[in-house]
Every structure is written in structure tokens, then in C-alpha cells.
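The residues making up each chain are set out below.
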Amino acid sequence: MHSTEFLAGLYRTMYTIRVFETRCVKLYRQGAIRGYLHPYFGQEAIAAGVCAALRPQDYIVSTHRGHGHCIARGGDLKRMVAEITGRQAGCCKGRGGSMHIADLETGNLGANGIVGAGVPIGVGAAMGAWIRGEDRVAAVFTSDGAANNGVFAEGLNLAASLRLPFILILENNQYAVSTPIEQSTAEPELFRRGLGYGVLSERIDGNDVLAVYRKTAEAVRACTQGSGPVLIEAVTYRQGGHHVNDPGQYMPKERLEYYRSRDPLRIAKEILLARVGANEEALARIEAEVDREMDEAVDFALHSPEPSVEAFLAEAAAY
Amino acid sequence: MATTVKDSSSPSTPPGQRTILYREAINEALREEMRRDSSIFLMGEGIGERGGSYKVTLDLLKEFGPKRVIDTPIAEASFTGAGVGAAITGMRPVVEILFIDFAMLAMDQIINQAAKVNFMTGGQGHVPLVVRTQGGAGNGLAAQHSQSLEALFYHIPGLKVVTPSTPYDAKGLLKASLRQNDPVIFIEHKLLYMTRGPVPTGDYAVELGQADVKRPGNDVTIIAWSGMVSRSLAAAETLAQEGIDAEVLDLRTLVPLDREKVLESVRKTDRVVIVQEAVRRGGVASDIASIIQAEAFDYLDSPIEIVAGKNTPIPYNLALESACVPQTTDILAAAKRAVYAT
Ligand SMILES: Cc1ncc(C[n+]2csc(CCOP(=O)(O)OP(=O)(O)O)c2C)c(N)n1
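Numbering of residues starts from 1 in every chain and runs along the sequence as written. Both sets of labels track the order of writing: A upward for chains, 1 upward for ligands. With the structure being a predicted model, the display of local features is reserved for residues of pLDDT at least 70 and the display and counting of side-chain atom pairs for 80 or more, all residues being used for whole-chain, interface and lining totals. Side-chain metrics in this entry use all non-hydrogen atoms of the structure; hydrogen atoms and water are not considered.

Undergrad: Would you mind showing me how to read the overall build of chain A here?
TA: Helix numbers and strand numbers start at the N terminus; a helix is a DSSP run of H or I with at least 4 residues, a strand a run of E with at least 2. When its secondary structure is counted, chain A shows 13 helices and 7 strands. Seen along its three principal axes, the alpha-carbon backbone of chain A occupies a region of about 55 × 50 × 40 Å. Type-normalised accessible area, obtained with a 1.4 Å probe on protein chains alone, sets the label of each residue: buried when under 20%, exposed when over 50%, and partly exposed for intermediate values. For chain A, the proportion of its 319 residues judged to be buried stands at 59%. Here chain A displays about 12,700 Å² of accessible surface, and carbon together with sulfur accounts for 51% of that area. If the 33 positive side-chain charges of chain A are averaged to one point and the 38 negative ones to another, these points end up 1 Å apart. Per-residue accessibility takes into account occlusion by the displayed protein chains alone, with areas from the Shrake-Rupley method and a 1.4 Å probe. A residue counts as positive if it is Lys or Arg and as negative if it is Asp or Glu; His and the chain ends are not included. Charged side chains are reduced to one point each, which is NZ for Lys, CZ for Arg, CG for Asp and CD for Glu.

Rendered as C-alpha cells:
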């Protein structure tokens, strides 16, 4: 049984991600954010549940849809908004942006603009820990589209061949841009691929934050006992288009409605209210706090300077 | 096994040095650096028990064990990527890619990941990854095992490109590569593994970005790297018999490029031949020529000569193969054209 504080913490993380993405979309429309921005709407339970089960010494590797992972791992909202709006105060000094957001202080090795590329990078982080004999795991977020890429297979096999402390969280949001998963593979139960490599693999409800948390905690235990790697396929649904400028019209209305009825924040709220008897007021307080924090972060970013072109050119000359 | 043969009794070897093989020099660099720094580990295909296809990693498994000398699956993209991840998190991986041709399978991890991490993270992350590989033609290995692909890596900001031509340089440059924090593509040459040269007994490193005058001269500068250095030296010997005093400048590392020494030599000799084994089109030689003409135009007494590989895949047949790659006679002819401005 989980404490109210613990559950409220999960809800807080999920709510933060939701508000963060909502504000980012708005900033994008206002022209303060450029390039690609892939919102994490509908998948919040996965980042929150996974990161709650990880320990401070663990690593995560993120994806192009990476704001949620960064937040759940403890990323600073001010430095995140500053990064996504291209400021010098951003966690990557405005050089990375949304698609490359990284925060090594929290063990977040970074998002990636190349689908699937984070998988072997995470294998390497796990390998380093294994060589040094340290009690750490590398949890790698990846996606259904990436599961069809070569490095997914190679990475999983490499990790399995060495029994590395490696947890692959496959966020199956059922779409790669506009291509539904049933169309890009004859075996849409993606966790089965892990079984083929001798990897403990399971499919769970990715919209249920407690299911995600529990399965990840189990995976961490398995890894520390030397029975890693573990593959967790968390089934979810992308609530919206692929990126800010994609209306996602190809997504069937009924399915979208169905998954909205199973919205991860709603599920978390129900658990809090019904099962542990938290009250609406307490949740409203959390939401108000997060809203204020978000306002401050946006304010901080928009008032912080852009990088100096001269300083950048001096750096560039050294390459 | 021949790797521990040390020719210290050779009368021509200066005190404090031995004559050893190129492949032994690399083995020594790995062994000594692995003893010094426990974050260094090796990954590659058949590098453990077998000691690698060219015996570079012979006996390292015995000394350092299976966690520091890892035999990988045949999966270049993922073990190179694992090198990137391990490097970001504090290790110093040395990834061996058997042939530079196979690095093509790992290009995303090298170019989009390793080369970009430090930049994209605003300096938070470093990738002290050394990718050891080998290239070049000369053994009838045909089109997929003989290429000289350094230009692909030279083109990418964020990578260092090292191309040693002697055992001394190979050992010293590998040590330096393992003591700095950027990704390095360390390109050996398959024809050099069994060549010998003097190497000090004590510890030393050769700083990256320092070209080396392998033969001083006043009449023409021959710029080369990797397998083309020995052919350039052979050409210089013949030129000397004809009264032409050629300087042979070995770049040793293409990135960083020692522009200063290149320009210094050109300003002394006023004539330049650049020799590259790789195909002519889009090669490093063209870029060096553009630097020279921009920075030392007024010194040039004749057009810059480029001796390069033919723009073709490497054929299997040995006669055809050698027709694709610069030979000593090609270098000789180019140097004469430069000197006599014919
Ligand atoms: C190697 C590669 N190919 C193509 C793209 C373009 N691209 C960006 S996101 C994306 C779809 C990814 O779908 P999925 O992996 O399921 O992740 P999701 O966007 O659903 O989170 C594509 C094709 C890319 N970034 N990298």
C-alpha cells in the first residue's frame, strides 16, 4: 500500500508534465519556440511511474518526445523552458532545444533526434556501471517506431548477452507519426521481441501510473540481482498529433475518445481520491503550486538572454 | 606468438628504444593505458581470446579480464553506440571496428551521437570514445574491405581523426587519444601492422595536431599521412638521387590539422605535392590544397599537385588494385612536375 504523499507526488509529476506541455504549445504558437516540438500528452504516467521507481544513481535515456522524462527525473523547469526557448540559461545553453534536451546532473543522458539511437547509448551506460561494479541501472525510454529499427534489436541483444542492468521502456503510443503500429509490423505485441532475445519482457497498461511504477520497481530489482535486462512495453496512446503542427486527423475519433476516457491523470486522480482518501482540496493545492512554478519558469526563460553569437563563433573556431 | 618480440639488440636502435611492429606498438599503448586508467575498456569483434584479426589486442584479455576486453556480437551500430553511452557516463571505451568499411553501419552513432553530444548538451557531456579501425588497399581484399574513408570523418565537426604511419606515432598518438575528452577516429592502415620502427621503452605521448617532418628538404613539400608516408619517403630518396631535395611532412592527425607546419613547409619549399590514398573526389587533399592557396598563394612557384586514388571502387585483381592507389612512381612524377613546373 502506498502512502498518500507518494501518490500525490506521482500526480504532481504528471500534472507538471501536462501543464508544461500545454504552456510549450502556447509558446510555440506565439513564436517563442521553433523547430520540432513533440508533446508528451497522454503518456505522462510512464515517465512519472518509471522515474519514481528509479534511484538517484540510475541513468535515463530519453527520446524526441522527451520533456516528460526530463521533468520526471527532476529537471529544473526554469532551465528547461529556457532551453526550449533557446536561451543561454537553458540546460544545454540553447544549443540543444526540445529534441536534444539533456540534464546530466539528474542522470538524464538526453533526448535524441534520431529515433532508436538512445537504445545502444543506454546499453553503454549500463555497461559502464557493470564494469565498475556499481549498483546502477540504465532505464531507456523508447517508442513503437524505434522497435522496428535495427539498433533496437542490436542493443537489446547486446545488453542481454552481457546480462546488463538495462531496462527498456517501450512506450507504445500506437503511432509513428501517422503510421499505426499494426501497419508497420506483423507482430504488434512488441514485448514479444524481447522474449526472442532471452529478455524478461512484459506488456502493461501505460496509462496506469501505479502499474508502471510497480513493474519498473520489479525491473530494478531484477537488474540488481543480475537477471536483467528487462523490457517493459507500456501501452498508451498519443493524445494529439505527432508534433505541434500535426493535427493528427488520421487518428480515429472513437479511439482518441476512448483513450481520453482513460487519461492517465484522471486515473491517478481516481486512485488518490477513491483509494487513499485524499481530498479534492489537497489536489487543487498541488495544481495551484505547479501552475505558479510554471508561470515563474516561463517568466524566467522569456526574460533571460539569448546566447552570444560572438562567443559561439569563438567556440566554433576551435572545432 | 610474435607480439612480444622486442628487437632491443639491433645495433641501429638508439639507447632507450627498441624496434617493434606497428601492431605491437598499438598493443603496448592499450596495455599501458589500461594499467594506468581503470576506466579504459575495449570492445570489438574477436578481440579477446583471438586477439583481433590483426593481433593488436593479443593477450589483453588475459591481463584485464572479460569486463575490460569485451567480445561483442557482430553489431557495429550498437556496440559503437554503447561506447558513446559508456563514455558519457565516465568510461573511456576503445571500440574496435574491424574494417573502416564496417564503420558505415555505425555512422549514426559516430556522426549524430558521438560528435554531437558535447555540443548539444551545452558542454555537460563528454564522449572520450576512441574508435580504432583500419583502412587502405593492398591485400586483394576488394571493394568492401579496402577503402580509405577518412574524409567522411574529417568532414564532421566534433570528431578528431588520427592517422599514424609509424609504430612510434601509433603508440604515442593512441596514448594521447586516451588522455583527452573528445571522440577520436583512430585509423590504422592494414599494410602497416607488420612494419617495424623504433619506439622508446619509456612512457610518451604524441600530442594530437602536430605534423611531423619525416624527412627535411628544401625543394618541394610532399604532404602525406598513413600508408602514403612510406611511399612518399621512398619517392624522396629517388628524388635525392636526381638532385631534388624533398621534404616529407606527415600530418599524423587530420583533425586537428597542423596548418602552421603545412604553411611553414610550403613557405620554405614553394612547391607542394599532396598524397592521399583515398579517391580524389571530395578528399582531404583538396581541402588542404584550398588552405594552402588561400594562406600561401604568393609563395607557390607551381600549381599544387594532388596524387590520389582513382574515383573507383577498389577491384580484387592485384594489378587493378595497385592501379587505383598512388604508387611511389606517381609521387615521383608529381614532384618533378612541381619542381620543373612542367
Ligand atoms: C532515424 C529516424 N528516422 C526518422 C525520423 C523522423 N521521425 C521523427 S519522430 C518519428 C516517428 C517516431 O514514432 P515512434 O518511434 O513511435 O515515437 P513517437 O513519435 O510515437 O513518440 C519519425 C519517423 C527520425 N527522427 N529519426
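Undergrad: Explain the packing of aromatic side chains here, please?
TA: Ring pairs (aromatic) are described by centroid distance and by the angle formed between their planes. Here is the rule: rings of Phe, Tyr and Trp (six-membered ring for Trp) pair when centre to centre is within 6.5 Å. Planes less than 30 degrees apart are stacked, more than 60 are edge-to-face, and the remainder are tilted. In the structure shown here, the tally under the stated rule is 13 aromatic pairs over all chains. Relative to Phe 119 of chain B, the ring of Tyr 319 of chain A has its centre 6.3 Å away and its plane inclined at 65°; by these criteria the two rings are edge-to-face. Here Tyr 319 of chain A, found in the segment after helix H13 (309-317), pairs with Phe 119 of chain B, found in helix H5 (residues 117-120), and the two come from separate chains. Given a relative accessible area of 46%, Tyr 319 of chain A falls into the partly exposed group. Under the relative-accessibility criterion, Phe 119 of chain B is labelled partly exposed at 27%. Among the aromatic side chains, those forming a connected cluster through ring pairs are Tyr 175, Tyr 237, Tyr 250, Tyr 258 and Tyr 259 of chain A.

Undergrad: Before we go on, may I ask you to explain the domain arrangement of chain B in this structure?
TA: Frequently, the measure chosen for interface size is the accessible area removed from exposure when the parts meet. Residues and elements named next belong to chain B. For each domain, the first and last residues come from an automatic or database assignment. Domain boundaries in chain B define domain 1 (20-206) and domain 2 (212-340). Each of domain 1 and domain 2 has a C-alpha centre, and the two are 26 Å apart. Taken together, the contacts link 27 residues of domain 1 with 26 residues of domain 2. Both faces considered, domain 1 and domain 2 share a buried interface measuring about 2,100 Å² in area, 59% of it formed by carbon and sulfur atoms. Buried area: the accessible area, evaluated with a 1.4 Å probe, that two parts lose upon being put together, summed over both parts. For the domain 1 face of the interface with domain 2, the top three residues by lost area are Glu 150, Tyr 154 and Thr 163, together amounting to 28%. In protein, a polar contact means a hydrogen-donor-capable atom and an acceptor-capable atom, both N or O and within 3.5 Å, with residues adjacent in sequence counting only if both atoms are side-chain atoms; elsewhere, any N or O pair within 3.5 Å suffices. The tally of links from domain 1 across to domain 2 stands at 14 residue pairs in polar contact (both at pLDDT 80 or more). For the side of domain 1 that touches domain 2, the secondary-structure elements that each account for two or more residues are helix H6 (150-154), strand S6 (160-162) and helix H7 (167-177). Residue composition of the side of domain 1 that touches domain 2, by class: 14 nonpolar, 10 polar and 3 charged. Here, two residues are considered to be in contact whenever any of their heavy atoms come within 4.5 Å of each other. Amino acids outside the nonpolar list (Ala, Val, Leu, Ile, Met, Phe, Trp, Tyr, Cys, Pro) and the charged list (Asp, Glu, Lys, Arg) are all regarded as polar, and Gly is one of them.

Undergrad: Before we go on, may I ask you to explain the confidence of the model for chain B in this structure?
TA: Reading predicted coordinates in detail is not appropriate for stretches of low pLDDT. All names here are of chain B. Confidence per residue, as judged by the predictor, is encoded in pLDDT with a range of 0 to 100. When pLDDT is averaged along chain B, the result is 95; 96% of the residues meet or exceed 70. Note that pLDDT drops below 50 for residues 1-11; the model gives that stretch 20 contacts with residues more than four away or on any other chain. ipTM for the predicted complex: 0.95, alongside a pTM of 0.95.

Undergrad: Help me understand the environment of Val 123 of chain A in this model?
TA: Structurally, Val 123 of chain A can be placed in helix H5 (residues 118-132). We classify Val 123 of chain A as buried; its relative accessible area is 1%. Considering only alpha carbons, one finds Val 123 of chain A and Gly 228 of chain A, 105 residues apart in sequence, at a separation of 11 Å. Look past the residues within four positions of Val 123 of chain A in its chain and what remains in contact with it is Gly 155, Leu 158, Ala 159, Leu 164 and Phe 166 of chain A together with Ala 82 of chain B.

Undergrad: Explanation requested: the nonpolar core in the structure shown.
TA: One broad rule of soluble globular proteins: the nonpolar side chains tend to lie buried together. Here the nonpolar core consists of buried residues drawn from Ala, Val, Leu, Ile, Met, Phe, Trp, Tyr and Cys, with membership extended through side-chain atoms lying within 4.5 Å. The biggest cluster of nonpolar side chains holds 115 residues, and the ones touching the most others in it are Met 127 and Phe 166 of chain A together with Ile 274 and Ile 292 of chain B. Here this core spans two domains, and each of domain 1 (20-206) and domain 2 (212-340) of chain B adds at least three residues to it. Excluding anything up to four places from it in sequence, Phe 166 of chain A contacts Val 119, Gly 122, Val 123, Ala 126, Ala 138, Val 140, Leu 156, Ala 159, Cys 223, Pro 229 and Val 230 of chain A. Counting residues in each nonpolar core, the second largest holds 69 residues, with Ile 46, Ile 167, Ala 268 and Val 276 of chain A among its members.

Undergrad: Would you mind showing me how to read the site of the ligand here?
TA: Residue and element names in this part refer to chain A. The environment of the ligand is made up of 14 residues, and the closest members are His 64, Arg 65, Ser 143, Asn 173 and Tyr 175. Interatomic distance of 2.8 Å between a side-chain N/O atom of Asn 173 and an oxygen atom of the ligand. In this structure, an oxygen atom belonging to the ligand sits 2.8 Å away from a main-chain N or O atom of Tyr 175. Within the complex, 70% of the 580 Å² of free accessible area of the ligand lies under protein. Its residues placed into classes, the shell around the ligand shows 6 nonpolar, 6 polar and 2 charged. Think of it this way: one heavy atom of a residue within 4 Å of a molecule or strand is enough to make that residue near it.

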